[in-house]
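Tertiary structure, described
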Amino acid sequence: MDASSKEFALAGSLEELRIKGRLVVHGGHRPILVIYDRGRVFALDNRCPHMGFPLERGSVEDGILTCHWHHARFDLESGCTFDLWADDVPICPVEVRNGDVWVKTTFTHADLAAHWHQRLANGLAHDLGLVIAKAMHGQLAAGVPQAEIVREVALFGAQNRDGWGVGLTILTALANILPVLPEEEAYLALFHGARRVAADCDGEAPRRERAPLGSRPDPAALKRWLRRWTKVRHREAAERTLLTAIAAGFSPAELADALFAAETERAFADTGHSLDFINKAFECLDLVGWQHAAALLPTVVGQMVAARGAEESTAWRQPVDLVALCEESTSELADLFAAGRGSRDWSGHAALAQELLGDDPARIVDALKEAIRAGAAPADLGQSLAYAAALRVARFGNANEHADWETAHHVFTYANAVHQMLTRIGTANIDTHVTAVRGVLHGAMALYLARYLNVPPARIPGDGGEQLDDLPADLETIGAALLDAFDRQRQVDLAANLVARHLTLGHSPQALIATLAHAVLREDAGFHAYQMLEAGVRQFGAWGDTDEGRHILIAVARYLAAHSPTERASLQTADIARRLMRGGELHQEAGSS
């Protein structure tokens, strides 16, 4: 028997199939349904692609196979579904030889990567969670690089929605932490990112393309123009200006400088979301390639020009005019940077963070001045600001309303974005110092306004050499206990204690981060949970396994514990897709094993 014949299994005689109407062949790693209908023979996966119900129990009429569980309907010849939510059922070749029916027992495609690429495109276009999950699993199994999958989803999101959305932010945040995730968690991360992008685009008008200007003005002019158009909320002009900068070959650092300058025309715009979206667009391009800058970067302009600044808020004007304080201080702090007295050896990040948590906004500004005089660079200030904001979350008092978690969260993710943007921009351009100062000052004042969240402050476990000896000691048991805490409501303090226990015993921070990621990825997590996880991982990376790093991961755990558990419906979809793709049986008779 040649190799081709070995791939086929005998289903039975054609006469037997004609009498019975259908037969099931147990070949390969999944059952195959063979059907006789109107003189023709067809073979399909016996498991409904929706939930795995045996299609042999379905009915056939007029060339259409109907599953009797959720009534999904399929074209017998192609396996294509009439109900997109169900996905297509795989088919396999059939041969009739000397009155016997032979069926090829494997479901394969000439190019698996191309097949699952197209299935992902279909799932994204129609917002089909199960199709997205199976396509994601299929691409990973076919060896498609994770960055290529992220690129496909990101470009879909940029093209099919008029502006950057939470889905693209979630996709980028989860893609940023893929290197620390095991294989199973990477599948979940990519699935969650893709499904949220699809949901963002569902029913939305596609993005209209704009073109750069025909001229190539100097970089300083383009930067001024972008600030001007942002200030007067002229979106079309701002987008064309940005596209011109991209076409002129601006470096990522120069583009970041220009957008950060425009963004900080308003203070703490949209409670920090506007800057966070801009930062995520840059990080997305780091992941998918800067050749896509013209497609991705202008998507942030719409929100940037439309954002509401904190200067329009009473809290920023009374009883202390924080906006005026920022404006008065910007030039002075910028001049200190321009004086060039900075030193790369400055290490006062933690001390400055404590000053930023103070109760006097003028004193906070003074602390920033002193840090600059002592050698702090703009990115140093951003790191201190982000750590101080993490402490607001770590010390969040349980007496606060639950919604107040978001106030602390917004400051932290904004501060992280400030830090990342300032790190990207660097210190080459003195003009950047004005932008840097504005971003840091806005974050510092938002941090000041959130001080009530730490009255009284929650205790940070592990400080002062506390060992928490009433908790488990080995790594696996601590991880299991932490996940158990996330299984129950109002376990904020327990989650913080377990994180502290893990780190004070010297266990791997990477293992802890993987556990925290798993806790998020199994939930129907809200947008802010993904932000908090990724910003925490980023900031831990800046501090390392230190007391400050411990405080940051405690902040992450406390926030996640306050927002867990959820129904985990998305995890169920991902698990169904994973089992179907691996040939598993989802449907079983009552009492079967």
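Below you will find a few notes about this structure. None of the values given here were measured: they were computed from a predicted structure.

**Describing the overall build of the chain**
Regarding its fold elements, the chain presents 25 helices and nine strands. The principal-axis extents of the C-alpha atoms in the chain amount to approximately 90 × 70 × 45 Å. Taking all 593 residues of the chain together, 57% fall into the buried category. Excluding contacts between residues fewer than 6 apart, the proportion of contacts in the chain whose partners are at least 24 apart in sequence is 73%. For the chain, the exposed surface amounts to about 23,900 Å²; the carbon and sulfur share of it is 50%. Here the chain contributes 56 positively and 76 negatively charged side chains, and the mean placements of these two sets differ by 3 Å.

**Structural notes on helix α8 (residues 219-231)**
Here α8 contains 13 residues, and its C-alpha end-to-end distance of 18 Å stays within 8% of the 18 Å for a straight helix at 1.5 Å per residue. A distance of 3.0 Å separates the backbone nitrogen of A220 from a side-chain oxygen at the start of α8, and that oxygen is part of D218. At the exit of α8 stands R233, carrying a positive phi of roughly 60°.

**Comments concerning the environment of H410**
Summarising the element assignment, H410 is placed in helix α18 (residues 404-425). Of the residues examined, H410 reaches a relative accessible area of 13% and is grouped as buried. Sequence-wise, H410 and R582 are 172 residues apart; in three dimensions their C-alpha atoms are separated by 41 Å. With residues near it in sequence (within four places) discarded, H410 still touches F268, T271, H273 and H528.

**Focus on the packing of helix α6 (residues 166-176) against helix α7 (residues 183-201)**
Two numbers describe how α6 lies on α7: the axes approach to 7 Å, and their chain directions differ by 165°. The pairing of α6 with α7 is recorded here as roughly antiparallel in orientation. Pair α6 / α7 crosses with left-handed handedness. Listed contacts from α7 to V166, G167, L168, I170, L171 and L174 of α6 are A189, H192, G193, A194, R196, V197 and D200. Here the contact of α6 with α7 is composed, by residue class, of eight nonpolar, three polar and two charged.

**Here we look at the pattern of salt bridges**
Under the definition given, this model contains 48 salt bridges. Put simply, K280 and E283 hold a salt bridge, and the shortest N to O gap is 3.0 Å. A residue pair is termed a helical-turn pair when its members lie 3 or 4 positions apart in one helix, as K280 and E283 do in helix α11 (residues 273-288) at three residues. The class of K280 is buried, set by a relative accessible area of 2%.

**A short note on the sheet that holds strand β5 (residues 59-61)**
The strand order β5-β6-β7 describes an open sheet built from three strands, whose pairing is antiparallel. Pairing within the sheet leaves two strands with one partner each, and these edge strands are β5 and β7 (73-75). Between one strand axis and the next, the sheet turns by 25° as a mean value, whatever way the strands run. Here three bridges tie β5 to strand β6 (residues 64-66), and the two strands are oriented antiparallel to one another.

**Brief notes about the side chain of H419**
Its place among the elements puts H419 in helix α18. Residue class for H419 comes out buried when judged on its relative accessible area of 7%. Apart from residues no more than four positions distant in its own chain, H419 is found in contact with A379, G382, Q383, Q539 and A542.

**So, unusual backbone geometry**
With omega at 0°, the peptide bond leading from Q318 into P319 counts as cis. Mapping P319 onto the fold places it in the loop between α13 (301-306) and α14 (322-338). The omega torsion across S564 and P565 is -5°, close enough to zero to call that bond cis. You can see P565 is positioned in the loop between α24 (547-562) and α25 (569-581). The backbone of N98 shows a phi angle near 55°, a positive value even though the residue is not glycine. Mapped onto the elements, N98 comes out in the loop between β8 (94-97) and β9 (100-104). On the basis of relative accessibility, which here comes to 82%, the residue N98 falls in the exposed class.

**Some details on the pairing of β8**
Pairing between β8 and β9: four bridges, direction antiparallel. The residue bridging E95 from the neighbouring strand is W102, located in β9. Two successive antiparallel strands, β8 and β9, enclose a turn made up of two residues, where N98 displays a positive phi of approximately 55°.

**Digging into the packing of aromatic side chains**
Scanning the entire structure with this criterion turns up eight aromatic pairs. For the ring pair F268 and W316, a centre distance of 6.3 Å and an interplane angle of 25° mean the geometry is stacked. Highlighted residues: F268 in the loop between α10 (252-263) and α11 and W316 in the loop between α13 and α14, separated in sequence by 48 residues. Residues F277 and F527 carry aromatic rings whose centres are separated by 6.1 Å and whose planes lie at 65° to one another, so their mutual orientation is edge-to-face. Of this pair, F277 sits in helix α11 while F527 sits in helix α23 (residues 527-543), and the two are 250 residues apart along the sequence. Like F527, F277 is buried. Ring pairing ties together the aromatic residues F268, W316 and Y414, which thus form one cluster.

**So, the nonpolar core**
L296, L297, W316, L356, L381, M445 and L516 are the most contacted members of the largest nonpolar core, which has 167 residues in total. Examining the composition of this core, we find that 11 residues originate from one element, α18, more than from any other. What M445 contacts, discounting residues up to four positions off in sequence, is W316, L322, L325, C326, P361, I364 and V365. Of all hydrophobic cores here, the second largest spans 14 residues; its members include I35, F53, L65 and C67.

**Here's the deal with the pairing of strand β4 (residues 40-45)**
Among the six residues in β4, five count as buried, and that is most of the element. In the sheet, strand β3 (residues 30-37) pairs with β4 via six bridges, with the strands oriented antiparallel. Within β4, the residue paired with I35 across the bridge is F42. Counting the residues that bridge the hairpin from β3 to β4 gives two residues, and of these R38 lies at a positive phi of roughly 55°.

Conventions and cut-offs
Residues numbered from 1 in each chain as written. Predicted model: local features only at pLDDT ≥ 70, side-chain atom pairs only at ≥ 80, totals over all residues. Heavy atoms only, no water. Helix = DSSP H or I, 4+ residues; strand = E, 2+ residues; numbered from the N terminus. Buried < 20%, exposed > 50% of the residue type's maximum accessible area, 1.4 Å probe, protein only. Contact = heavy atoms within 4.5 Å. Areas by Shrake-Rupley, 256 points an atom, 1.4 Å probe, with all protein chains shown as cover. Lys, Arg positive; Asp, Glu negative; His and termini not counted. Charge placed at Lys NZ, Arg CZ, Asp CG, Glu CD. Expected span 1.5 Å × (residues − 1). Polar contact = N/O pair within 3.5 Å; in protein donor to acceptor, adjacent residues only side chain to side chain. Axes fitted to C-alpha atoms, helices over the stretch in contact; angles between N-to-C directions. Parallel < 35°, antiparallel > 145°, perpendicular 65-115°, else oblique. Left-handed = near helix turned anticlockwise from the far one by under 90°. Nonpolar A, V, L, I, M, F, W, Y, C, P; charged D, E, K, R; others polar. Salt bridge = Lys/Arg side-chain N within 4 Å of Asp/Glu carboxyl O. Pairing = 2+ DSSP bridges. Phe/Tyr/Trp six-rings, centres within 6.5 Å; stacked < 30°, edge-to-face > 60°. Core = buried A, V, L, I, M, F, W, Y, C linked by side-chain atoms within 4.5 Å.

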